[in-house]
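Here is what each chain is made of, one letter per residue.
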Amino acid sequence: MTNDRQPATGNRPLATGLKERIRQLIGREGPIPFDRFMDMALYDPDGGYFSSGPLRSQAGGDFLTSPETSGEFGATLARFVDKEFRRLGRAAGFTLLEVGAGSGTLLSPLLGVLDWAPRTLALEVSPAAREALRQALPAVEVVPDRRELDGFRGVVIANEVVDNLPVAIAVRTEDGGWTERRVWSDGADLVLVEAPARSEVLSWLEAHAADVPAGGVVECQLAAGNWMRRMIDLLEAGAVVVIDYGDTSEGLLPRRRRGGTLRTYRAHHLSRHPLDEPGSMDITADVDFSALARVASDRGTQARLCRQDEFLSELGLDGRMAELRQRELAEARGGDPMERLRLRSRVKEIETLLHPRGFGDFRVLVATR
Ligand SMILES: C[S@@+](CC[C@H](N)C(=O)[O-])C[C@H]1O[C@@H](n2cnc3c(N)ncnc32)[C@H](O)[C@@H]1O
């Protein structure tokens, strides 16, 4: 287990034409910022990794996530949703929105354990995921675009989504300044070139990467900040919960010194360079949770940042594990061997969700109002 999304098996056809269209765009406009490239590689309607092709987050896909690992993840988050429902005085119209709901493996157990039914929305850019969600959860409203959403009281959950939002890439220079990496075409291949950093990138770096030494590489998460702002603005009251790999700006410093956190996933492995075969692989970076928390505070919410193991344990998951272990022990003393194995495997799943160097090391930002 690592601090990264867990790669899984799977094959998919390569996107056709996207690389050529990126080349044509560069031909018209010159080198494009990396975040523009990443936006096309992941979200282009005709070849983006998420917006075309098969379901990505499932056992046969490119990676495994906490909800794909165990239903206990969604069932534990149900307790958070229930607490918010009570805190808001059981508000009429209380809404649960999951952003990037994948195949529904978080919502399904979550809704299954609640003894009341929130209005539930799933925002998904992937047509394959939207179809899977409609099949698995017919009562959930599945929407492709946040612009279709109106304000509500309730909870927004995003698990392993913010790490995909496009990043600009900046490099610290010897004189203490910054350059920005852009994508250029040398005829055959897409290549990275360095150019002066845009002003919005410089402002972000000043706020969140001032301590990075010469040679350090930083993913500037402007799109993540904008996303957080929009999610908070949707909320009349309630909470936005962001769960992902990443750290504070300070915690990310060693990784930035060593060349940054941008990486790709495909099938079993960390994949190739992000410029190879755009649309064929997941591109991701560690989330700067200090930057997200700053947006949350600036937007008037109370921001709390903690680790996934801490968050889930506070919601009772470690107690649940202890209870399952007791039941497993009881079965071991002359009980049903099959039931004992089932209990053992549920305990193992929870251990995975809480593993201090795996999913447990993910960060959880809760922005409440
Ligand atoms: C890594 S998967 C995680 C899926 C699910 N949340 C889970 O934890 O298993 C990311 C999911 O978010 C969706 N997605 C990515 N960017 C998105 C965005 N900007 N808005 C909505 N959905 C997005 C993808 O289609 C994909 O289903």
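Residues numbered from 1 in each chain as written. Predicted model: local features only at pLDDT ≥ 70, side-chain atom pairs only at ≥ 80, totals over all residues. Heavy atoms only, no water.

A.B. asks: Which parts of the structure should I look at to understand the overall build of the protein chain?
C.D. replies: On a plain count of helices and strands, the protein chain comes out with 13 helices and 19 strands. Relative to the compact-globule value of 21 Å for 369 residues, the protein chain shows a C-alpha radius of gyration of 21 Å, a close match. For the protein chain, the spread of C-alpha atoms along the principal axes amounts to about 70 × 45 × 40 Å. Here the protein chain, with 369 residues, has 54% of them falling under the buried criterion. Residue pairs at least 24 apart in sequence account for 73% of intrachain contacts in the protein chain once pairs closer than 6 positions are excluded. Accessible surface, the protein chain as shown: approximately 15500 Å² in total, 50% of it carbon and sulfur. (Helix = DSSP H or I, 4+ residues; strand = E, 2+ residues; numbered from the N terminus. Rg over C-alpha atoms; globule rule 2.2 N^0.38 Å. Buried < 20%, exposed > 50% of the residue type's maximum accessible area, 1.4 Å probe, protein only. Contact = heavy atoms within 4.5 Å. Areas by Shrake-Rupley, 256 points an atom, 1.4 Å probe, with all protein chains shown as cover.)

A.B. asks: Explain the site of the ligand to me, please; I cannot follow it from the model alone.
C.D. replies: Taken together, 20 residues sit near the ligand, with Tyr43, Thr65, Gly100, Glu124 and Asn159 positioned nearest. Here a nitrogen atom of the ligand sits 2.6 Å away from a polar atom, N or O, in the side chain of Tyr43. Glu124 is positioned with one of its side-chain polar atoms (N or O) 2.5 Å from an oxygen atom of the ligand. Coverage of the ligand by the protein amounts to 95% of the 590 Å² it exposes when considered alone. (Near = heavy atom within 4 Å. Polar contact = N/O pair within 3.5 Å; in protein donor to acceptor, adjacent residues only side chain to side chain.)

A.B. asks: For this particular structure, what's the right way to read the layout of surface pockets?
C.D. replies: Sizing a probe to match a water molecule and rolling it over the atoms shows the empty space that remains. If you add up the space inside the largest pocket, you get close to 1000 Å³. In terms of lining, the largest pocket is formed by 47 residues, of which the most central are Tyr43, Val99, Val125, Val161 and Leu165. Those elements giving two or more residues to the lining of the largest pocket turn out to be helix H2 (34-43), helix H3 (66-69), strand S4 (95-99), helix H6 (127-136) and helix H8 (222-234). The element best represented in the lining of the largest pocket is H8, accounting for six residues. (1 Å grid on protein atoms, 1.4 Å probe; cavity = no way out; pocket = protein on both sides within 12 Å on 5 of 7 lines; lining within 4 Å. Points joined across faces, edges and corners; volume = space filled by probe spheres on them.)

Functional significance is not addressed by these values, which are geometric in nature.
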